[in-house]
Amino acid sequence: MIKKRFLIVGTFLAMALSLAGCSAPNLSMKDNTNAQAEGGKQNGKDVSEMLEDKDVQAKVDEINKYIEYYYYFDIDPEFQEESFYDGIMNGLNDPYSVYYTKEEYEDLLEDNSGEYFGVGAVVTQDTTMKVTVVRPIKGSPAEAAGVKADDVIVEVDGTEITDQELSLVVEMIRGEKGTTAHIKVYRPSEDKYIEFEIQRAEVENVSVDYKMLDNKVGYISVTQFYENTSKEYKEAVEDLEKQGAKGLIVDLRDNPGGLLNAVVDMCAYTLDGGNIVTTKNRDGKITSSYDDKDDHSINIPMVVLVNGNSASASEIFAGAMKDTGTAKLVGTTTFGKGIVQSILPLSDGTAIKITVSKYFTPGGNDIHQIGIEPDYEVELEDRTNAVNLDYEDDLQLHKAEEVIKSMM
């Protein structure tokens, strides 16, 4: 059971990745390598120095005396200690840098497998900590209950989540099969609050869907980047090529992100050499450079569909395709999450997640809080997402077909 006060970020699945992205992100994109602390101390006091400061000690003692004398309820020492560590991370004023208890860390390590018990919805979180449903997963309990894209989650099992990290919100929503999650949302389209009682079930995340459109144009939708996404993407491309595809549309709209290794593998399979993405630390030093070392490439015209909900790993793919001239982008400007987090285990089994670097597209572009502009700007009528959008109303897809036909 979550006992945190300071919870902060990524994609709702109760859902399957730190619910990224975008954000889920999506969930948040994280490098799968073990990061090591490096670099010098930044300006100002660190926490250890603060604790040794006599003025700080006096203030803490004063607060504790008031608590001891006046506080009405029983005190949970373990919760107080955890909240202290939460406070250290919260003091960074970075919604993507957080502390995990041992239980939370263990649960987090299970998040990216593609199968879990939960309600089945993908969510993202913006810089104001607002957690928004990107889409309910097809056939999931959330879809059956009536959860819709753009619903803003405000409460889970009676606990407000407006200041909590997305990955921890996911943990609150997940649970044993057959148990019930009480979720309260605000639905902007109807300007009202709605409450759902959703029974948890096993949810399988199939992140890639594909089909052949008219004129031998292949269409692949990638909803998130999980461990199995790259494999599903390659199988989709191979099947469409066997069917005679002369052009390819990759739809990353409303994809909040996910695993770095998954998107890098997909880019390497698609590109014909060159850089995919580069990361730099706070000193401007290159910490990682991911290049195309795969001898496979897609040699038919490509278009990538993006929108304001395409974040993190989605932006790595879109940026690599655009900067290398491999594909044209159609839609609206992407979310703009161009920073990388690493999860660092602590000696007692707990962990922290901290922002360690920015990433740069092959053209050297810093897209954080900026996003990637499409080559062809196309907005949908009266909506900002493409979830469950009828083909007839999908102006962005129609433009993508028009563009790719001109390239064929």
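Please read these numbers as outputs of a predicted model, since none were measured by experiment. (Residues numbered from 1 in each chain as written. Predicted model: local features only at pLDDT ≥ 70, side-chain atom pairs only at ≥ 80, totals over all residues. Heavy atoms only, no water.)

> Explanation requested: the overall build of the chain in the structure shown.
Along its length, the chain carries ten helices and 19 strands. Summed over all atoms, the accessible surface of the chain reaches about 19,600 Å², with 47% contributed by carbon and sulfur. (Helix = DSSP H or I, 4+ residues; strand = E, 2+ residues; numbered from the N terminus. Areas by Shrake-Rupley, 256 points an atom, 1.4 Å probe, with all protein chains shown as cover.)

> Help me understand the layout of surface pockets in this model?
If you roll a probe as big as a water molecule over the atoms, it shows you where there is empty space left. The volume enclosed by the second largest pocket comes to roughly 800 Å³. R135, K138, D209, S221 and T223 are the residues nearest the centre of the second largest pocket, which is lined by 29 residues in total. The element best represented in the lining of the second largest pocket is strand β10 (residues 208–212), accounting for four residues. Considering only residue class, the lining of the second largest pocket consists of 13 nonpolar, six polar and ten charged. (1 Å grid on protein atoms, 1.4 Å probe; cavity = no way out; pocket = protein on both sides within 12 Å on 5 of 7 lines; lining within 4 Å. Points joined across faces, edges and corners; volume = space filled by probe spheres on them. Nonpolar A, V, L, I, M, F, W, Y, C, P; charged D, E, K, R; others polar.)

> Before we go on, may I ask you to explain the pairing of strand β17 (residues 339–345) in this structure?
One face of the sheet, then the other: side chains in a regular strand alternate in exactly this way. Of all seven residues in β17, six are buried, a share of seventy percent or more. Sheet topology places β17 next to strand β18 (residues 351–360); seven bridges connect them, and they run antiparallel. The partner of I343 across the bridge, within β18, is K353. Between β17 and β18, which pair antiparallel and follow one another directly, the connecting turn spans five residues, one of which, G349, has a positive phi of 95 degrees. (Buried < 20%, exposed > 50% of the residue type's maximum accessible area, 1.4 Å probe, protein only. Pairing = 2+ DSSP bridges.)

> Can you walk me through the environment of L51 in this structure?
Tracing the chain through its elements places L51 in helix α1 (residues 47–52). If sequence neighbours within four positions are ignored, L51 has contacts with Q57 and F84. (Contact = heavy atoms within 4.5 Å.)

> Help me out: how do you make sense of the sheet that holds strand β19 (residues 376–377) in this one?
The strands making up a sheet associate through hydrogen bonds between their backbones, and the pairing can be parallel or antiparallel. Read from one edge to the other, the open sheet built from six strands follows the order β10-β11-β12-β15-β16-β19, with strand pairing classed as mixed. Two strands lie at the open edges of the sheet, namely β10 and β19, each paired on one side alone.

> I keep staring at the confidence of the model for the chain and nothing clicks. Help me out?
If pLDDT is low for a region, its predicted coordinates should not be looked at in detail. The predicted model of the chain averages 86 in pLDDT, with 88% of residues at 70 or higher. Per-residue pLDDT stays below 50 along residues 1–39; that stretch engages in 232 contacts with residues further than four places along the chain or on separate chains. (pLDDT = per-residue confidence, 0-100.)

> What's the story with the side chain of R200 in this structure? I'm lost.
Its place among the elements puts R200 in the loop between β8 (192–199) and β9 (201–204). For R200, the side chain forms a polar contact with the main-chain oxygen of R174, separated by 3.3 Å. Among the polar contacts made by the side chain of R200, one reaches the main-chain carbonyl oxygen of T180 at a distance of 3.2 Å. (Polar contact = N/O pair within 3.5 Å; in protein donor to acceptor, adjacent residues only side chain to side chain.)

> Help me understand the packing of aromatic side chains in this model?
For any two aromatic rings, the description comes down to two numbers: the centre-to-centre distance and the angle of the planes. Summed over all chains, the structure comprises nine aromatic pairs. On the basis of an interplanar angle of 80 degrees and a centroid distance of 6.2 Å, the ring pair of Y233 and F317 is categorised as edge-to-face. Here Y233 is found in helix α7 (residues 229–242), whereas its partner F317 is found in helix α9 (residues 313–323), with 84 residues between them in sequence. In this structure, Y233 and F317 share a single accessibility class: buried. An aromatic cluster of at least three residues, connected via ring pairs, comprises Y66, Y69 and Y70. We note K184 situated over the ring of Y193; from NZ or CZ to the ring centre the distance is 5.2 Å. In this arrangement the basic side chain of K211 is found over the ring face of Y219, its NZ or CZ atom lying 5.7 Å from the centre. (Phe/Tyr/Trp six-rings, centres within 6.5 Å; stacked < 30°, edge-to-face > 60°. Lys NZ or Arg CZ within 6 Å of the ring centre and 35° of its normal.)

> What am I meant to see in the pairing of strand β5 (residues 152–156) here?
Among the five residues in β5, five count as buried, and that is most of the element. Pairing between strand β4 (residues 131–136) and β5: two bridges, direction antiparallel. Residue pairing for β5: V131 is matched across the bridge by I153. Taken together, the four bridges between β5 and strand β7 (residues 180–187) define a ladder with antiparallel strand orientation. Paired with V156 across the strands is I183, a residue of β7. Where β5 lies against strand β6 (residues 159–160), two bridges are found, and the strand directions are antiparallel. Note on β6: the bridge partner recorded for V156 is T159.

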